[in-house]
Amino acid sequence: AIIDEGEEFIWWSERTGWGQYYLYDENGNLKNEITNGHFVAGDIAKIDTTDRTLYFEGYGREADMNPYYSQLYKINFDGSDMERLTPENATHNIRASEEGNYFVDNYSRVDQPTRSVLRNEDGNVITQLEETNISRLKEAGWQAPESFKVKAADDATDIYGVMWKPFDFDSTKTYPIITYVYP
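Residues numbered from 1 in each chain as written. Predicted model: local features only at pLDDT ≥ 70, side-chain atom pairs only at ≥ 80, totals over all residues. Heavy atoms only, no water.

*Asks:* Give a detailed account of the environment of A45, specifying residues and quantitative values.
*Replies:* Mapped onto the elements of the fold, A45 is located in strand β5 (residues 40–48). Owing to a relative accessible area of 22%, A45 belongs among the partly exposed residues under this scheme. Spatially, the C-alpha atoms of A45 and E57 are 7.0 Å apart, while their sequence positions differ by 12 residues. (Helix = DSSP H or I, 4+ residues; strand = E, 2+ residues; numbered from the N terminus. Buried < 20%, exposed > 50% of the residue type's maximum accessible area, 1.4 Å probe, protein only.)

Structure (structure tokens):
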């Protein structure tokens, strides 16, 4: 992203093995890391050049959360004061307003219906917009899938998954397993 009429630019790179953002001057000289750590900095939601703040989606930063859940963060261009703006343990789909001072946040999990809220630039919920009503699904016998986490063969790496069971699941019976993996 080119900022300040080309005086600086923000570049995303995996130079550390993790996708992070870096600030460069107009001549391509690295000024500083904006983000760093053992997580992936994802899509930019907003760049505030006046406050020199970057709003972006991040994955895997929170130790107690599924690393596939996107979260909204803000950080200063100098790499200071990083803050998570979406406290819910879910994946967040963020859309900034035209002016960039508000965000529509649609968040959900496989076991939680989508909720839509309006947040300000500090992450505070201004209003609840909508929540998906799944009562008819439940009346029809639908059950949410189960999220799980297991250790890989190396006994160190966490693997996350989702398990769908038949609506009439009986723990005394055996069932075939269908595995779908997208590497």
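Read on, since the account is not over.
*Asks:* Explain the sheet that holds strand β11 (residues 112–120) residue by residue, including any values.
*Replies:* As summarised here, the arrangement of the 4 strands in space is β9-β10-β11-β12, forming an open sheet in which the pairing is antiparallel. Each edge of the open sheet carries a strand with a single partner, namely β9 (91–96) and β12 (125–131). Geometrically, the sheet is characterised by an average inter-axis angle of 20° between neighbouring strands, direction not taken into account. With 6 bridges joining them, β9 and strand β10 (residues 102–109) adopt antiparallel strand pairing. Bridge pairing in β10 links H92 to Y107. (Pairing = 2+ DSSP bridges. Axes fitted to C-alpha atoms, helices over the stretch in contact; angles between N-to-C directions.)

*Asks:* Which residues make up the packing of aromatic side chains, and what values go with them?
*Replies:* One pass over the structure, following the stated rule, counts 7 aromatic pairs. A centroid spacing of 5.6 Å and a plane angle of 20° characterise the contact between F56 and Y73, whose relative ring orientation is stacked. You can see F56 sitting in strand β6 (residues 53–59) and its partner Y73 sitting in strand β7 (residues 71–76), a full 17 residues away along the chain. Side by side, F56 and Y73 carry an identical accessibility label, which is buried. Feature note: the residues Y21, F39, F56 and Y73 constitute an aromatic cluster, connected by ring pairs. K165 extends its terminal NZ or CZ atom over the ring of F169, reaching a point 4.5 Å from the ring centre. (Phe/Tyr/Trp six-rings, centres within 6.5 Å; stacked < 30°, edge-to-face > 60°. Lys NZ or Arg CZ within 6 Å of the ring centre and 35° of its normal.)

*Asks:* Mind laying out the pattern of salt bridges, listing which residues take part and the relevant values?
*Replies:* Here the structure, examined in full by the defined rule, presents 13 salt bridges. As a salt-bridge pair, E146 and K165 come within 2.8 Å of each other at their nearest N and O atoms. With E146 in strand β13 (residues 146–151) and K165 in the segment after β14 (158–163), this pair connects stretches of sequence that are 19 residues apart. With its nearest N and O atoms 2.6 Å apart, the salt bridge here joins D158 to K151. By relative accessible area, which is 30% here, D158 ends up partly exposed. Among the charged side chains, a network of salt bridges with common partners joins D4, E8, K31 and R52. (Salt bridge = Lys/Arg side-chain N within 4 Å of Asp/Glu carboxyl O.)

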